[in-house]
Amino acid sequence: MMPFTMYYKRMNRESPNNNLLQEAKKLHQEGSLIEAESLYSQLIQQSPHQAEVWHLLSLVRFQRGDLETAISCLQKALVLQPQSALLLTTLGYFLYSAQKYQLALGHYQKALYLEPKRFESLEGMVQVLDALGEHEKVLDIYERMVTLIPRPNLQIRIATFLPPVFQSIEHLKKWRHRFQDNLTQLLVQSITFEESLEENIQQANFYLAYHGDNIRPLLEQLAQLYRSSLPETLPGVKSKPNGHERSKIGFISCNFYYHSVTECFKQLIALWPRNDFE
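Predicted, not measured: the structure shown is a model, and the values here were computed from it. (Residues numbered from 1 in each chain as written. Predicted model: local features only at pLDDT ≥ 70, side-chain atom pairs only at ≥ 80, totals over all residues. Heavy atoms only, no water.)

Draft legend 1. The arrangement of the pattern of salt bridges in detail. Under the counting rule described, the total for this entry stands at nine salt bridges. One salt bridge in this structure joins Arg216 and Glu220, with 2.9 Å as the shortest N-O distance. Of this pair, Arg216 and Glu220 are both found in helix α13 (residues 216–227), four residues apart, which corresponds to roughly one turn of the helix. You can call Arg216 exposed: its relative accessible area is 59%. We classify Glu220 as partly exposed; its relative accessible area is 42%. (Salt bridge = Lys/Arg side-chain N within 4 Å of Asp/Glu carboxyl O. Helix = DSSP H or I, 4+ residues; strand = E, 2+ residues; numbered from the N terminus. Buried < 20%, exposed > 50% of the residue type's maximum accessible area, 1.4 Å probe, protein only.)

Okay, structure coming up:
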């Protein structure tokens, strides 16, 4: 989904010159959410019929974790500008965050009816349809997205998209074969990234590990796609320890000791030779 900073920049270009509004936006952009909210509230008290200010206030409330109020503020903005694809898209995202998927879907569809090429609305549709289990429709939306912006990261997202849950073993095999065939085709095309690698890796294919098969060959192929965006040597990274220096391994998890992965691998971790690793 499009970050709020991108919403903010777009609205900043479109807004009228209002000193108090510009000051509120400046505070908002700097992360001073309480101060920005106070100014937005003042503006609404002065003139409650400003759809843009209701929108910005909804963003602040969302960023502060008040989803219910954020939705309420945005609904007031939509009453003032019911044909705004931007407002419909924002509300779609809020409703998605509230796990009200059908309502979110309806707002994204309205936004796309008004602006069929609105990219962030299509991104939102992908999230909602994925949550609803409509995975074939997800692929259709991805195809529309890559037609609008033919970026390598979108091609990879389409090629490697997988449902989290399968209807049967045959269903799993169908999607897995699709994944493998698409990956091979992308490697033949020698895709390279124009943007940073961080912006392109948006899909970790976590669920491959649950397919009950050896996934290493697939992950190695996937790594080849990303390798072209990396320098030959990474700054500050040693290829091999010097002399008796041990390799350092770190584990990061919010629930490390009780996670099922730890239960599977804790004995292996305990047996690693401490002369070589720390």
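Draft legend 2. Representation of the packing of aromatic side chains within the structure. Following the criterion strictly, the structure yields six aromatic pairs and no others. Note on Tyr96 and Tyr101: the rings are 5.7 Å apart at their centroids and 45 degrees apart in plane angle, and the pair reads as tilted. With relative accessibility at 23%, the residue Tyr101 sits in the partly exposed group. Note on Tyr142 and Phe161: the rings are 6.1 Å apart at their centroids and 70 degrees apart in plane angle, and the pair reads as edge-to-face. Here Phe161 lies in the loop between α10 (152–160) and α11 (169–189) and Tyr142 lies in helix α9 (residues 135–148), a separation of 19 residues in the sequence. Here Tyr142 falls in the buried class, since its relative accessible area comes to 3%. For Phe161, a relative accessible area of 4% gives the class buried. Among the aromatic residues, those joined into a ring-pair cluster are Phe62, Tyr93, Phe94, Tyr96 and Tyr101. (Phe/Tyr/Trp six-rings, centres within 6.5 Å; stacked < 30°, edge-to-face > 60°.)

Draft legend 3. Structural detail: the nonpolar core. Judged by nonpolar contacts, the single largest core of 66 residues is most densely connected at Tyr40, Leu91, Phe94, Met125, Ile141, Tyr142 and Met145. The contacts of Met145, once residues within four sequence positions are left out, are Phe119, Leu122, Glu123, Val126 and Leu154. (Core = buried A, V, L, I, M, F, W, Y, C linked by side-chain atoms within 4.5 Å. Contact = heavy atoms within 4.5 Å.)

Draft legend 4. Highlighting helix α4 (residues 51–63). Its 13 residues give α4 an end-to-end C-alpha distance of 19 Å, which sits within 8% of 18 Å, the value for a rise of 1.5 Å per residue. Burial of α4 is extensive: twelve of the 13 residues sit out of reach of the surface. When we look at burial in α4, the residues that qualify are Ala51, Glu52, Val53, Trp54, His55, Leu56, Leu57, Ser58, Leu59, Val60, Arg61 and Phe62. (Expected span 1.5 Å × (residues − 1).)

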